Amino acid sequence: MEYLDKLSNVSVLGAAGKMGSGILLLTALEMTDQSLRNPGKSFRLNAIDVSQEALDGLLKYVEKQARKKVEKKPEHYRSYFPGVKDEELPQRYVEAINKILFPSLQLSVAYDSYLIFEAVIENQDLKKKLLGDIDKNNPNKPWFFTNTSSIPIHLLNDALQLNGRILGFHFYNPPAVQKLVELITNEHNSAEMIAFAKEYAKNLRKIIVPSNDFAGFIGNGHFMRDALYGIKEAQKLASSMPLYEAVYAINKVSQDFMIRPMGMFQLIDYVGIDVVKFIMEVMNPYLENEDLHSDLLDEMMETGVKGGQNSDGSQKDGFLQYEKGRITGVYDLNSKSYVPLASFKEKVDAFLGEKPAAWKPWKEVNFSPDKKTLLDNYFAALRKADNTGARLAKAYIKNSCEIGKLLVDTGVANSAEDVNTVMLTGFFHAYGPINDYLKD
Ligand SMILES: NC(=O)c1ccc[n+]([C@@H]2O[C@H](COP(=O)([O-])OP(=O)(O)OC[C@H]3O[C@@H](n4cnc5c(N)ncnc54)[C@H](O)[C@@H]3O)[C@@H](O)[C@H]2O)c1
């Protein structure tokens, strides 16, 4: 079956969710473009979710994004609508989307699809139930592209006896913005299915990194271990200072001293303490000689402090407290309240010491045409630096490198380059974890 035939009837499950809405938008744009280029062919995209209100919101989101896209690049759309004035192009394009897009609360609309994107909540039983139901009732032997963050794909394949008709197509959040997709295939997938996945990703202008089928894949395989390391370091420091001060210290080290876009505790808050804990729990049974578990995450969950994001994308309080995106306090588990940052920042900053002189903030380094020189200079200075902040950062960076190597050694990633690409593109690190910067 050709690319366009497979694309002629597609369903997205969990279409109104964080990931599903982005996947739905990207697929709607790709299918609409294809429908305009191929007027003789029919296309149908089912957006399936369990809440009508959320689906209504999804349609508004898709329309707004589509209009923006056409307004930004009218020249791309003129050929689809000959003779139509530029200012009318967005409306015409939205009408074309609406011709192919069908929101639905019924799973049964997917019974005619050839391709199913699955982005419901990370619950193995629910995913099995929904995919199994579709597979039983759909005569087309559909392909399933799951967005699971942590469930090994072969478990779904085996449980549902799909004989390779499922692969992992792991978008990053938010799918419309993030360039990275981890593609998790196995020997049972047909060459046709893998070729389709690659062509679809290319049309969406995504960077594909192959990952092998191990719980967590490359991205979470690194992130979860890296997060756990940071949490444990904070707990160690807490033998000589209050835990909330130690959390601030490690957050600062992992952002500033390591030139990352966010400190580790801010990143955990951003993803959601509940989500991080949950992904660790899903990965844990599949890991040998490792225990991906944190009692600190458990304790935070017991207090109901979860982080995550508000519907407008702003950060909810978690380990850290935020005001207009700025950190203003750190959660204290003893008093069950936030301690203002101003009351201890100076003391902890002095404890960590100055950043090496060649230091520049992540934004400046990451987007500089001279990034390599800036990093070389920084790491030369960091190697020589010997204050507490520098020592903690060097150990953290080395551990991150070890995690990267572990992913290659255990066959999760095919190469060091793949690990680095995932961390550079999916996590916006300025440098890949597998590097020689601190080699003696
Ligand atoms: N959030 C992330 O950063 C991220 C990144 C990569 C992958 N993922 C994975 O993507 C998937 C979705 O995660 P999310 O963060 O978008 O979750 P989410 O909770 O934002 O969205 C899940 C959606 O599924 C819908 N849903 C629940 N039950 C359903 C059912 N029976 N039928 C149809 N729809 C149903 C919900 O209404 C919701 O809209 C998970 O597998 C997650 O692991 C998440």
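Residues numbered from 1 in each chain as written. Predicted model: local features only at pLDDT ≥ 70, side-chain atom pairs only at ≥ 80, totals over all residues.

Colleague: Quick question: what am I supposed to make of the overall build of the chain here?
Modeller: A count of helical and extended segments in the chain gives 18 helices and 11 strands. For 440 residues, the compact-globule estimate of 2.2 N^0.38 gives 22 Å, and the chain sits close to it at 23 Å. Referenced to the eigenvectors of the C-alpha coordinate spread, the extents of the chain come out at roughly 70 × 50 × 45 Å. Classification of the 440 residues of the chain by burial places 44% in the buried group. Considering only contacts in the chain between residues 6 or more positions apart, those separated by 24 or more positions represent 67%. (Helix = DSSP H or I, 4+ residues; strand = E, 2+ residues; numbered from the N terminus. Rg over C-alpha atoms; globule rule 2.2 N^0.38 Å. Buried ≥ 20, exposed ≤ 12 C-beta atoms within 10 Å, placed from the backbone. Contact = placed C-beta atoms within 7 Å.)

Colleague: Sorry if this is basic, but what is going on with the sheet that holds strand β9 (residues 320-323) here?
Modeller: The strands making up a sheet associate through hydrogen bonds between their backbones, and the pairing can be parallel or antiparallel. The sheet built from three strands is open, its strands ordered β9-β10-β11 with antiparallel pairing. In this open sheet, the two edge strands, each paired with only one partner strand, are β9 and β11 (337-340). Each strand of the sheet is rotated relative to its neighbour by a mean of 40°, with strand direction disregarded. Direction of pairing for strand β10 (residues 326-332) relative to β11: antiparallel, over a ladder of four bridges. Across the sheet, residue Asp-332 finds its bridge partner in β11, namely Ser-337. With respect to the sheet, helix α10 (residues 243-257) is in contact with β9, β10 and β11, its orientation differing from that of β10 by roughly 140°. (Pairing = 2+ DSSP bridges. Axes fitted to C-alpha atoms, helices over the stretch in contact; angles between N-to-C directions.)

Colleague: Would you mind showing me how to read the sheet that holds strand β3 (residues 101-104) here?
Modeller: Ordered in space as β3-β2-β1-β4-β5-β6-β7-β8, the eight strands form an open sheet in which the pairing is mixed. Because the sheet does not close on itself, it has two edges, and the strands there are β3 and β8 (207-211). With strand direction ignored, the average angle separating the axes of adjacent strands in the sheet is 25°. Both strand β1 (residues 9-13) and strand β2 (residues 44-48) contribute to a ladder of five bridges, which runs parallel. Counted as the bridge partner of Asn-9 is Arg-44 from β2. Along the sheet face, helix α9 (residues 217-237) touches β6 (166-171), β7 (180-184) and β8 and points at about 110° away from the line of β7.

Colleague: Just to check I follow, could you spell out the pairing of β2 for this structure?
Modeller: In regular strands, side chains alternate between the two faces of the sheet. Within β2, four of the five residues are buried, leaving the element largely enclosed by the surrounding structure. Chirality of the crossover, the property in question, places the unit of β1, helix α2 (residues 18-37) and β2 among those that are right-handed. Strand direction decides the pairing type here: β2 and β3, joined by four bridges, are parallel. Paired with Leu-45 across the strands is Leu-101, a residue of β3. (Right-handed = clockwise from strand over helix to strand, strands pointing away.)

Colleague: Help me understand the site of the ligand in this model?
Modeller: Residues in close proximity to the ligand total 23 residues, the closest being Gly-14, Gly-17, Met-19, Ser-149 and Asn-173. For the shell around the ligand, the elements supplying multiple residues, two or more each, are α2 and β6. Counting residues per element, the shell around the ligand draws most heavily on α2, which supplies three residues. When grouped by side-chain class, the residues that make up the shell around the ligand number 11 nonpolar, nine polar and three charged. (Near = placed C-beta within 6 Å. Nonpolar A, V, L, I, M, F, W, Y, C, P; charged D, E, K, R; others polar.)

Colleague: Just to check I follow, could you spell out the packing of helix α3 (residues 52-72) against helix α5 (residues 89-100) for this structure?
Modeller: In a packed pair of helices, the relevant descriptors are the angle between the two axes and the axis-to-axis distance. Interaxial distance between α3 and α5 falls to 9 Å at its minimum, and their mutual angle equals 135°. Between α3 and α5, the angle falls in the class oblique. Read as a crossing pair, α3 and α5 show a hand that is right-handed. The residues of α5 that touch α3, namely those facing Val-62, Glu-63, Ala-66, Arg-67, Val-70 and Glu-71, are Leu-89, Pro-90, Tyr-93, Val-94 and Ile-97. (Parallel < 35°, antiparallel > 145°, perpendicular 65-115°, else oblique. Left-handed = near helix turned anticlockwise from the far one by under 90°.)

Colleague: Please explain the packing of α10 against helix α11 (residues 264-271) as it appears in this structure.
Modeller: Packing of α10 against α11 leaves a shortest axis separation of 6 Å and a crossing angle of 95°. Taken as axis vectors, α10 and α11 run roughly perpendicular relative to one another. Residues Val-247, Ile-250, Asn-251 and Ser-254 of α10 touch α11, and the partners they reach there are Met-264, Phe-265 and Gln-266. Tallied by class, residues from the contact of α10 with α11 come to four nonpolar, three polar and no charged.

Colleague: I'm lost on the domain arrangement of the chain in this one. Help?
Modeller: Quite often, the size of an interface is put as the accessible area lost when its parts meet. Assigned domains within the chain: domain 1 (3-211) and domain 2 (218-426). Each of domain 1 and domain 2 has a C-alpha centre, and the two are 33 Å apart. With 14 residues of domain 1 at the contact, the number on the domain 2 side is 16 residues. Contributions of two or more residues to the side of domain 1 that touches domain 2 are made by β7 and β8. Of the residues forming the side of domain 1 that touches domain 2, the biggest block, four residues, is contributed by β8. Its residues assigned to classes, the side of domain 1 that touches domain 2 comprises seven nonpolar, four polar and three charged. (Domains from an automatic or database assignment.)

Colleague: Help me understand the environment of His-76, please; the structure alone is not making it clear to me.
Modeller: Among the structural elements, His-76 can be located in helix α4 (residues 74-78). For His-76, a count of 12 C-beta atoms within 10 Å corresponds to the exposed category. Measuring from C-alpha to C-alpha, the distance between His-76 and His-222 comes to 39 Å, with 146 residues separating the pair along the chain.

Colleague: How should I be thinking about the pairing of strand β4 (residues 115-118) in this particular structure?
Modeller: Residues Leu-115 and Phe-117 line one face of β4 and the alternating positions Ile-116 and Glu-118 line the opposite face, and both faces are buried. The pairing of β1 with β4 spans four bridges and is parallel. Looking at the pairing, Val-12 lines up with Phe-117 of β4. With four bridges connecting them, β4 and strand β5 (residues 143-146) associate as parallel partners. Each bridged residue has a counterpart across the sheet, and for Ile-116 the counterpart in β5 is Phe-144. Following the backbone out of β4, through helix α6 (residues 124-137) and into the adjacent parallel β5, one traces a crossover that is right-handed.

Colleague: Help me out: how do you make sense of helix α18 (residues 416-426) in this one?
Modeller: One turn of the α-helix equals 3.6 residues, which is why residues spaced by three or four share an orientation. Taken together, the buried positions of α18 are Asp-418, Val-419, Asn-420, Val-422, Met-423 and Gly-426. Packed against the buried residues of α18 are β7, β8, α9 and α17 (388-409). Of the residues one or two after α18, Phe-428 is the one with positive phi, at around 60°.

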